[in-house]
Amino acid sequence: MNYKKIFSEIDVELENFKDNGTIANYIPELSIVNPTKFGVHLTTINGKHFSLGNADEKFSIQSIAKVLSLTLAYKLESEKLWKRVGVEPSGKPFDSLIQLETNKGIPRNPLINAGALVICDILISHLKNPKKDFIAFVRTISGITTIDYCPRIVASEKSTGYRNTALVNLMKSFGNIKNDIDVVMDFYFNLCSIEMTCKELSQTFLFLATSGVLPHSKERILSKSKSKRINAIMQLCGFYDEAGEFSFKVGLPGKSGVGGGIMAIYPNKYCIAVWSPKLNKKGNSLKGIKFLELFTTKTQTSIF
Ligand code: DON
């Protein structure tokens with residue numbers, strides 16, 4: 001399929017699109033990004049590449065990285081993992097505290113902030129040098145050795161991380177955080193600070209389109225069953241209280257971040273990444289979702 005031609009068609013259609021979202025401003029460093037940036041990159045499982053716009057510019061992938069921490073934790077813990085975190089959609093904002101109290105410190109799923117914090121705690125318990133070992137894992141998965149954390153973003157998140165600190169404290173009070181709170185927060189903020197381009201994003205997550213096999217090295221990084229389940233979690237929880245709407249409009253498993261990035265998987269075919277910094281009220285890229293809606297409609301590549 002000529003994806004490049006379809007990208008250009010959508011680009012024309014979106015010329016008058018009113019992107020009236022707002023850039024994330026609760027993390028000061030994210031608010032200084034140029035809001036007009038727009039990039040798309042699609043990588044097929046056969047190694048073909050198609051891109052549009054600012055696809056080679058790095059940005060903060062934020063919560064998209066939660067899929068990578070989940071992947072490593074699931075690999076290390078297998079089904080034991082689900083004693084500490086659920087697999088149900090939350091239907092609530094990504095940083096909500098409400099359900100944690102009634103669910104006694106067990107987050108609804110690993111992709112909301114509370115769930116990702118528990119996953120960070122689990123990784124810290126497993127890894128010798130958590131930050132170093134984790135970024136090495138991300139480099140192995142992507143086959144890209146230059147992927148790294150961004151210290152500027154880490155510092156910025158720490159300066160305003162009040163809700164995340166509240167979440168971790170609440171979970172610690174229920175016994176669902178085992179390590180020191182400051183260590184968990186530091187690991188979590190580093191995780192969210194990882195930077196990638198759209199091209200790197202779409203290459204990194206391609207293993208979820210190939211049932212757990214790394215396309216670049218042919219190494220199996222995750223079992224077929226675990227890969228299927230991570231896609232299932234993304235489908236139901238990847239967009240927080242907008243997961244239903246993303247399924248309805250786009251029809252692919254995916255994950256968003258407040259940096260304006262979205263990646264989505266069409267199993268056995270491709271991984272697509274889009275970046276547009278302005279967010280809707282749910283914290284997901286407004287133009288990014290619109291682009292993907294038009295793309296899966298035109299290419300008829302929704303999973304449904
Ligand atoms: O912890 C936070 O609030 C951010 N570092 C990540 C939130 C995020 O990306 C939610 N995604 N749409």
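Let me sum up the structure you'll find in this document. Note that the structure is predicted; figures quoted are calculated from it, not measured.

**Regarding the site of the ligand**
Around the ligand, the surrounding shell holds 16 residues, and the nearest of these are Tyr 26, Gln 62, Ser 63, Glu 157 and Tyr 188. Measuring from an oxygen atom of the ligand, one finds a side-chain N or O atom of Tyr 188 at 2.5 Å. Note that an oxygen atom of the ligand is positioned 2.9 Å from one of the backbone N or O atoms of Val 258. Alone, the ligand offers 340 Å² of accessible surface; in the complex the protein occludes 99% of this. A per-class count over the shell around the ligand returns 7 nonpolar, 8 polar and 1 charged.

**Remarks on the pattern of salt bridges**
Throughout the structure, instances matching the rule amount to 15 salt bridges. A salt bridge links Lys 298 to Glu 9, with the shortest nitrogen-to-oxygen separation between them at 3.8 Å. Of the two residues, Lys 298 sits in helix H12 (residues 286–299) while Glu 9 sits in helix H1 (residues 3–13), which places them 289 residues apart along the sequence. Classification of Lys 298 as partly exposed rests on a relative accessible area of 34%.

**Some thoughts on the packing of helix H5 (residues 130–142) against helix H8 (residues 181–193)**
Relative orientation of the contacting elements H5 and H8 amounts to 25°, with a least axis distance of 10 Å. On the basis of their axis angle, the class for H5 and H8 is roughly parallel. In this structure, the crossing between H5 and H8 has a hand that is right-handed. Residues Pro 130, Lys 131 and Phe 134 of H5 form the contact with H8, whose own contacting residues are Asp 186, Phe 187, Asn 190 and Leu 191. Per-class residue counts for the contact of H5 with H8 are 4 nonpolar, 1 polar and 2 charged.

**Remarks on the pairing of strand E3 (residues 49–53)**
Side-chain direction in a regular strand flips from residue to residue, so the side chains alternate between the two faces of the sheet. Where strand E2 (residues 39–44) and E3 come together, 5 bridges link them in antiparallel fashion. Residue Leu 42 lies in a different strand from E3, and its bridge partner there is Phe 50.

**Points about the environment of Cys 237**
On the secondary structure map, Cys 237 appears in helix H10 (residues 224–237). Overall, Cys 237 belongs to the buried group, its relative accessible area being 2%. As a C-alpha pair, Cys 237 and Ser 285 span 48 residues in sequence and 16 Å in three-dimensional space. Filtering out sequence-adjacent residues up to four positions away, Cys 237 remains in contact with Val 87, Glu 88, Pro 89, Asn 109, Leu 111 and Ala 243.

**Side note on the environment of Phe 137**
Tracing the backbone through its elements, the reader meets Phe 137 in helix H5. On a C-alpha basis, the gap between Phe 137 and Ile 153 in space is 21 Å, while along the polypeptide they are 16 residues apart. Discounting residues that sit within four places of it in the chain, Phe 137 has contacts with Leu 68, Thr 71, Leu 72, Lys 75 and Ile 221.

What counts and what doesn't
Residues numbered from 1 in each chain as written. Predicted model: local features only at pLDDT ≥ 70, side-chain atom pairs only at ≥ 80, totals over all residues. Heavy atoms only, no water. Near = heavy atom within 4 Å. Polar contact = N/O pair within 3.5 Å; in protein donor to acceptor, adjacent residues only side chain to side chain. Areas by Shrake-Rupley, 256 points an atom, 1.4 Å probe, with all protein chains shown as cover. Nonpolar A, V, L, I, M, F, W, Y, C, P; charged D, E, K, R; others polar. Salt bridge = Lys/Arg side-chain N within 4 Å of Asp/Glu carboxyl O. Helix = DSSP H or I, 4+ residues; strand = E, 2+ residues; numbered from the N terminus. Buried < 20%, exposed > 50% of the residue type's maximum accessible area, 1.4 Å probe, protein only. Axes fitted to C-alpha atoms, helices over the stretch in contact; angles between N-to-C directions. Parallel < 35°, antiparallel > 145°, perpendicular 65-115°, else oblique. Left-handed = near helix turned anticlockwise from the far one by under 90°. Contact = heavy atoms within 4.5 Å. Pairing = 2+ DSSP bridges.

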